[in-house]
Amino acid sequence: MADQLPEHVRSLVDEIETEIGEDGHEAEGRLRSELIAGRLELGAPEDSGAVEDAVRRILAEIGEDPDRQGLLRTPQRVHRMYTELTAGYHVDPARLINGAIFDVDYSEMVIVKDIPFYSLCEHHLLPFFGQAAVAYIPKGRVIGLSKIPRIVEMYARRLQVQERMTQQIADFLQQHLEPFGVGVVVEATHLCAVMRGVRKPGTVMTTSAVLGIFRSKDRTRAEFFAHLERAAPGA
Ligand SMILES: [Zn+2]
């Protein structure tokens, strides 16, 4: 399956799974976005398949002319874009965590927050995006910090509902680290809520998943949420 991925999707999956450009996550994320934008702009030739036909039908259905100049390559661009935005389905968790779980005698809370993500709501195929915060209390095993944003990315680049994505991130850490507990909080803006219907820009949805000690101990959960309210250093 993975071997049959188009090259542009394969390279995205590789980026999530491996340590390319490990220094400077923000620059890396920007670069990646620019690369994707650049690739879309170039609109490299691709097979005109079922997806392209379907997009042409949508264009015609909404009253557009699929043959006018600006729309000529839109079906290919849309096809390419969706394969990139859903590249997370192809990420191999074993490759992602490869060699980055360490035995460490440390049992204080580890928190990674302000992790940006972009996902697609499965009900409307419109983006929802925001930040994730991930915490766990190790039971002898920790995971390399750089891996946590990649775990978020793996689940964000799929068709999602925010509640499930939040739970999947928590379950993944629980399964692979077997820590004392995991807490995940996701805050996101949903374009399907902002652009249509209620029209309340700024509406942010918050979801959380707490496992183990984060669920059973009020004090642990409170410590986690207190960390989230504190502004990041330098912010
Ligand atoms: Zn939606």
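Cut-offs applied
Residues numbered from 1 in each chain as written. Predicted model: local features only at pLDDT ≥ 70, side-chain atom pairs only at ≥ 80, totals over all residues. Heavy atoms only, no water. Buried < 20%, exposed > 50% of the residue type's maximum accessible area, 1.4 Å probe, protein only. Helix = DSSP H or I, 4+ residues; strand = E, 2+ residues; numbered from the N terminus. Pairing = 2+ DSSP bridges. Salt bridge = Lys/Arg side-chain N within 4 Å of Asp/Glu carboxyl O.

Trainee: Got a sec to walk through the pairing of strand 3 (residues 127-137)? Specific residues and values, please.
Mentor: With eight of 11 residues buried, strand 3 is to be regarded as a mostly interior element. Where strand 2 (residues 110-121) lies against strand 3, nine bridges are found, and the strand directions are antiparallel. Following the sheet pairing, Tyr118 is matched in strand 3 by Phe129. In textbook terms, the turn of a hairpin is the stretch between consecutive antiparallel strands, and for strand 2 and strand 3 this stretch comprises five residues, one of which, Leu125, has a positive phi near 55°.

Trainee: Break down the pattern of salt bridges for me, citing the residues and quoting the values.
Mentor: Inspection of the entire model under this criterion finds 10 salt bridges. In this structure, Arg95 and Asp14 form a salt bridge, with 3.4 Å as the shortest nitrogen-oxygen distance. Here Arg95 is found in helix 5 (residues 93-97), whereas its partner Asp14 is found in helix 1 (residues 7-17), with 81 residues between them in sequence. The exposure class of Asp14 is partly exposed, given its relative accessible area of 23%.

Trainee: Quick rundown of unusual backbone geometry? Include the residues and the values.
Mentor: Non-glycine residue Asp114 carries a positive phi angle of around 55°. Within the secondary structure layout, Asp114 lies in strand 2. Here Glu178, not a glycine, exhibits a phi torsion of approximately 45°, which is positive. Inspection of the secondary structure assignment puts Glu178 in the loop between helix 7 (162-177) and strand 6 (181-190).

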